Amino acid sequence: MNILLINPPRDNEVIGNNPIIIEKNRGVNPPLGILYVAAYIEKYSNHDISVLDCQVENLNYDQIKDRIKKIHPDIVGLTAMSLTLLDVIQTAKIVKGINKNIQVVLGGPHVHLFPEETICLPNIDFLVLGEGEYVFKELVDHIKDTDSLEAIKGIVFKSEYKIVNTGLPEPIKHLDDLPFPARHLVPYKKYRSLLTKGQIVTTIFTSRGCPFKCSFCDRPHLGKKFRARSALNVVEELQQCKEMGISDFLFYDDTFTVNKQRVLDICNEINNRKLDIKWDIRTRVDTIDEDMIIHLKKAGCQSIHYGIEAGTEKILKVLNKGITLEQAQTAFDLTRKHKMNILAYFMIGNPDESRKDIYTTYKIMKKLKPDFVHITILTPFPGTKIYNDGLQSGSIKDDYWKAFAKHPSDNFKPLHINTALSTSELNQLLRIGYKSFYLRPFYIFNQFLKVRSLTELLKKMKAGLSVVSMK
Ligand code: B12
Ligand code: SF4
């Protein structure tokens, strides 16, 4: 079989409740999910596999059509998130327009949340639920043998007049068994990030699943159980990337520091191999300590991204964040003490949040002294506790995500959930938050003192201008 996996473009991405400037200025990261699936197929089957990342190649739909025609696939796999569904559907339509016998398979978080709705959309033949590596290989091995499909756990398809859903697959137990993402199948030198200083960047996942229960968050497809790769396996992947010319890494684990010993082992192994890499991590203020920070710093970790979300204990409780502002202050002080950058995430428009609460959050945000902040208006995602509670209590009138999954339309706009403030008030408060943080003379002065290159200066100026011009 000739298999093509596609990361669709972002032309019709549904924009949440945030100014486009925030959503679009993210840089382009490798589509790790399909690169994992591709690596597995490449290593454990005789099928031909290629990957098309329409985002990094900046392809329009005509160009995508030409590329698919050239590759001549028998099977096309697409990765689907709820907000990217329109581009997924458009790409599937192009595939079937080229040849209706090409089998279209969808995977990713959206299909996991809405299997029945998604399989009924036009031009879709199969869904793969949960983690795709094992299940997709099983599916492509047996795709022509329709009688054996029902025995494959983790797929959804239409059979005569019924929908067959074979149920969720078991989470992959030993992540070390998986081959590293097939970065060589995409133009990996093109991935750059706003957060690194203009170098080639890649993302890496060293664990799957987050054990915490924040009410606004759902990573439906990777499960709640924290499953980690061994330190040696992680550093092997870093070394492989280094040999490909990649030295900058975004560790995209939901919470990198769940297991302290593993963090220390990864850091020590990076140092033992003298890898000389730059990286950053995402974690929580209650799963980190000074020992870890010292090790991280020594191993080249440059910045830590912390989700704080709110500056009042009241809203932290509503969000079930499970952290205190005291823990936040301690973690930030320690991170700063060891001269690492801090990016802090905040949200406004949370349930039960008043204007006064938001101003308190902004006060705390400045008191914590992160280097950068990322503020968004809370979008209740499908599958989250906040969304489900809203539906149950009636504060969310209709299940609008389900309706969108059934009939995706380009005028869909997910609603915010705060009843005290209107959308325009929240937008105005968001601008106030950004400007009050980034446009402080002291802050600007400090940032310019830290500039080390012209590229960095230009990036900072561009970022600054986008804050000034936020409408
Ligand atoms: C890194 C990341 C990004 C990166 C890179 C995205 C990318 N192309 O990979 C950036 C920053 C660009 C990004 C952007 C967005 N992201 Co994002 N992102 C993530 C994050 C943190 C990790 C993704 C990842 O690499 N996972 C690791 C791999 C191994 O898992 P995976 O990608 O899910 O893939 C596995 C399975 O899903 C499946 N699979 C996936 N695709 C396919 C395809 C086929 C054919 C098959 C068979 C299987 C399969 O197999 C894979 C291997 O097991 C997740 C959270 C999370 N923990 O997963 C959010 C997440 C996926 N993002 C999310 C969202 C909403 C977005 C945005 C829409 C954000 C926005 N606008 O606010 C944009 C959309 C950008 C776009 N148009 O592509 C949501 C999706 C929720 C949903 N219901 O769909 C998540 C779950 C975060 C959340 N809110 O909880 N994101
Ligand atoms: S917000 Fe972060 S810590 Fe909370 S459940 Fe989601 S990934 Fe885990």
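For the structure itself, consult the block above.
What you are looking at is a predicted structure, and each value in this text was computed from that prediction instead of being measured. (Residues numbered from 1 in each chain as written. Chains lettered and ligands numbered in written order. Predicted model: local features only at pLDDT ≥ 70, side-chain atom pairs only at ≥ 80, totals over all residues. Heavy atoms only, no water.)

Chemist: What should I look at first to understand the site of ligand 2 in this one?
Modeler: In the region of ligand 2, the neighbouring residues are Cys210, Phe212, Cys214, Phe216, Cys217, Arg219, Asp254, Thr255, Arg284 and Lys321. Classifying every residue of the shell around ligand 2 by side-chain character gives five nonpolar, one polar and four charged. (Near = heavy atom within 4 Å. Nonpolar A, V, L, I, M, F, W, Y, C, P; charged D, E, K, R; others polar.)

Chemist: Quick question: what am I supposed to make of the site of ligand 1 here?
Modeler: Thr79, Ser82, Glu133, Arg219 and His221 are the nearest of the 41 residues found near ligand 1. A distance of 2.7 Å separates a nitrogen atom of ligand 1 from a polar side-chain atom of Thr79. In this structure, Asp254 approaches ligand 1 through a side-chain N or O atom, which is 3.0 Å from a nitrogen atom. Contributing elements (two or more residues each) for the shell around ligand 1: α2 (32-44), β3 (75-79), β4 (103-107), α5 (109-113) and α7 (133-142). Considering every element that reaches the shell around ligand 1, the biggest residue donor is α2, with five residues. Of the residues in the shell around ligand 1, the class split is 18 nonpolar, 13 polar and 10 charged. (Polar contact = N/O pair within 3.5 Å; in protein donor to acceptor, adjacent residues only side chain to side chain. Helix = DSSP H or I, 4+ residues; strand = E, 2+ residues; numbered from the N terminus.)

Chemist: Mind showing me how you'd approach the packing of helix α8 (residues 231-243) against helix α9 (residues 260-272) here?
Modeler: When two helices pack together, their arrangement is captured by the angle between the axes and the distance separating the axes. Following both chains from N to C, one finds α8 and α9 inclined at 40°, their axes separated by 9 Å at the closest point. With respect to α9, the element α8 is oriented oblique. The way α8 lies across α9 gives a crossing that is right-handed. Facing α8, whose interface residues are Ala231, Leu232, Val234, Val235 and Leu238, α9 presents Arg262, Asp265, Ile266, Glu269 and Ile270. (Axes fitted to C-alpha atoms, helices over the stretch in contact; angles between N-to-C directions. Parallel < 35°, antiparallel > 145°, perpendicular 65-115°, else oblique. Left-handed = near helix turned anticlockwise from the far one by under 90°. Contact = heavy atoms within 4.5 Å.)

Chemist: Help me understand the sheet that holds strand β12 (residues 278-283) in this model?
Modeler: Each strand in a sheet pairs with its neighbour through backbone hydrogen bonds, running either in the same direction (parallel) or in the opposite one (antiparallel). Strand order in the open sheet formed by six strands is β8-β11-β12-β13-β14-β15, and the pairing between neighbours is parallel. The open sheet terminates on both sides in strands that have one partner only, identified here as β8 (201-204) and β15 (372-377). Across the sheet, the axes of successive neighbouring strands diverge by a mean angle of 20°, strand direction being ignored. Where β12 meets strand β13 (residues 301-309), five bridges bridge the pair, whose relative direction is parallel. (Pairing = 2+ DSSP bridges.)

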